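Observations on the three-dimensional arrangement
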Amino acid sequence: MTQIALDPGSVAVITGGASGIGLAAARRWAEMGLRVCIADRGGERLEAAAEALAALAPGGRDGVLAAAVDVSRAEEVEALEARVRERFGGTDVLMNNAGIQPGSDLPGSLDAWERIIGVNLWGVIHGSRAFMPGMVARGRPGFIINTGSKQGITTPPGDPAYNVSKAGVKAFTEALQHSLRNAPGCRISAHLLIPGFVFTDLTAKGRAEKPAAAWTPEQTVDFIMQRLAAGDFYILCPDNDVDRATDERRILWAAGDIVENRPALSRWHPDYAGAFAAFMAKDRG
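Our subject in this report is the structure included herewith.

What follows concerns the overall build of the chain. Regarding its fold elements, the chain presents 11 helices and seven strands. Overall size of the chain, expressed as C-alpha extent along the three principal axes, is 60 × 45 × 35 Å. Within the chain, buried positions represent 49% of all 285 residues. Expressed as a percentage of contacts within the chain between residues at least 6 apart in sequence, the contacts between residues at least 24 apart total 67%.

Given below as structure tokens:
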């Protein structure tokens, strides 16, 4: 299914597509011959990204659509779907990737909470709701990739609004895939992207050079393509510092807080520091 969805002439829509992982995915798919729509905040960055994609796409600028969209607003996402349908005839691949991380606190600013959840969670919900019916009705193989985060699974202290938004993306995408796989004749699947440390505008935090621990967006897209081909729902990405085994044990410990009735976020509780360290070291020599 994945290979057919990514055949030349297919249509991919990427929100947050003007930089980072979104742009890297758009570049890869344009090079493969797909027609590509990138949606992001407007301005010079969006236009520059569109021109860069046009240089790669077999159809040049005719195969690229750039749209200024606030994904937190349902009407703007619905209008985007209509533009793509009018321009390209429909959508085969949707990547709900737009995200922000300005930082948050408790109680924190209500405006900040609303904006973070509006973009990171409602953007995914709006995108899926606007595009999914047409993608299913199109009758072609395709997929929806929603960008989550490890912070939405282990929920570390320090940025609660971001954690809440990404935990919501996980729950929503799981429900979406369950719905799609039980819809008669549906050829669309959903996938949850869980990046590692990737050097993007979101994570740069003033740094001009990529830290050694981080992957590039292109490395992340390589991994996405491999795992889509394998049929993975959870696309759990490592990086240059954290391998999959470490991620798995951190996730298991977080789930164990409920099963073992430990204090919330016990990984960061001083009374459980030794137990967590022993758990991480178990079976690893």
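Once you've had a look at it, read on.
Moving on, we get to the environment of Gly256. Position of Gly256 relative to the elements: it lies in helix H10 (residues 244-259). We classify Gly256 as buried; its relative accessible area is 11%. Sequence spacing of Gly256 and Ser266 is 10 residues, and the spatial spacing of their C-alpha atoms is 9.5 Å. In contact with Gly256, other than residues within four places in its own chain, are Asn261 and Arg262.

Here is the key point about a regular strand: its side chains alternate between the two faces of the sheet. Counting buried residues along strand S1 (residues 11-15), five of its five residues qualify, which places the element largely inside the surrounding structure. Residues Val11, Val13 and Thr15 of S1 are buried on one face, and the alternating residues Ala12 and Ile14, pointing to the opposite face, are buried as well. As defined by bridge partners, S1 adjoins strand S2 (residues 35-40) across five bridges and the pair is classed as parallel. When the sheet's bridge partners are listed, Thr15 is paired in S2 with Ala39. Chirality of the crossover, the property in question, places the unit of S1, helix H2 (residues 20-31) and S2 among those that are right-handed. Looking at chain direction, S1 and strand S4 (residues 93-96) are connected through three bridges and run parallel. When the bridges of S4 are listed, Ala12 appears paired with Val93.

What follows covers helix H7 (residues 160-181). If you check H7, its first and last C-alpha atoms are 32 Å apart, about what 22 residues at 1.5 Å a residue would give, namely 32 Å. Buried within H7 are the following residues: Pro160, Ala161, Tyr162, Asn163, Ser165, Lys166, Gly168, Val169, Thr173, Leu176, Gln177 and Leu180.

Further remarks concern the nonpolar core. In this structure, Trp29, Val36 and Met95 are the most contacted members of the largest nonpolar core, which totals 37 residues. Among the elements of the structure, S1, H2, S2, helix H3 (44-54), strand S3 (64-68), S4, strand S5 (142-147) and helix H9 (217-230) are those that each provide at least two residues to this core. With seven residues, the top contributor of residues to this core is H2. Val11, Val71, Phe88 and Ile188 belong to the second largest nonpolar core, which has 24 residues in total.

Okay, the pattern of salt bridges next. Side chains bearing opposite charge may pair, as long as their charged atoms lie close to each other. Summed over all chains, the structure comprises 15 salt bridges. Between Arg262 and Asp257 there is a salt bridge, with the nearest N and O atoms lying 2.8 Å from each other. With respect to burial, Arg262 and Asp257 carry one shared label: buried. Through salt bridges with shared partners, one network takes in Glu47, Glu51 and Arg61.

Note that Asp159 resides in the loop between helix H6 (151-154) and H7. For Asp159, a relative accessible area of 8% puts it in the buried group. At a separation of 2.6 Å, a polar atom in the side chain of Asp159 contacts the side chain of Ser104. Those residues within four positions of Asp159 in sequence are excluded, and the remaining contacts are Gln101, Gly103, Ser104 and Gln151.

The N-to-C vectors of H2 and H3 enclose an angle of 25°; their axes lie 9 Å apart at closest approach. Taken as axis vectors, H2 and H3 run roughly parallel relative to one another. At the point where H2 passes H3, the crossing takes the right-handed sense. Of H3, the residues touching H2 (which contributes Leu23, Ala26, Arg27 and Ala30) are Ala49, Ala52 and Leu53. Taken together, the residues of the contact of H2 with H3 sort by class into six nonpolar, no polar and one charged.

To continue, consider the pairing of S4. Burial of S4 is two-sided: the residues Val93 and Met95 facing one way and the residues Leu94 and Asn96 facing the other way are all buried. Direction of pairing for S4 relative to S5: parallel, over a ladder of four bridges. The residue bridging Met95 from the neighbouring strand is Ile145, located in S5. One crossover worth recording links S4 to the parallel S5 by way of helix H5 (residues 110-138), and it is right-handed.

So, how was this worked out
- Residues numbered from 1 in each chain as written.
- Predicted model: local features only at pLDDT ≥ 70, side-chain atom pairs only at ≥ 80, totals over all residues.
- Heavy atoms only, no water.
- Helix = DSSP H or I, 4+ residues; strand = E, 2+ residues; numbered from the N terminus.
- Buried < 20%, exposed > 50% of the residue type's maximum accessible area, 1.4 Å probe, protein only.
- Contact = heavy atoms within 4.5 Å.
- Pairing = 2+ DSSP bridges.
- Right-handed = clockwise from strand over helix to strand, strands pointing away.
- Expected span 1.5 Å × (residues − 1).
- Core = buried A, V, L, I, M, F, W, Y, C linked by side-chain atoms within 4.5 Å.
- Salt bridge = Lys/Arg side-chain N within 4 Å of Asp/Glu carboxyl O.
- Polar contact = N/O pair within 3.5 Å; in protein donor to acceptor, adjacent residues only side chain to side chain.
- Axes fitted to C-alpha atoms, helices over the stretch in contact; angles between N-to-C directions.
- Parallel < 35°, antiparallel > 145°, perpendicular 65-115°, else oblique.
- Left-handed = near helix turned anticlockwise from the far one by under 90°.
- Nonpolar A, V, L, I, M, F, W, Y, C, P; charged D, E, K, R; others polar.

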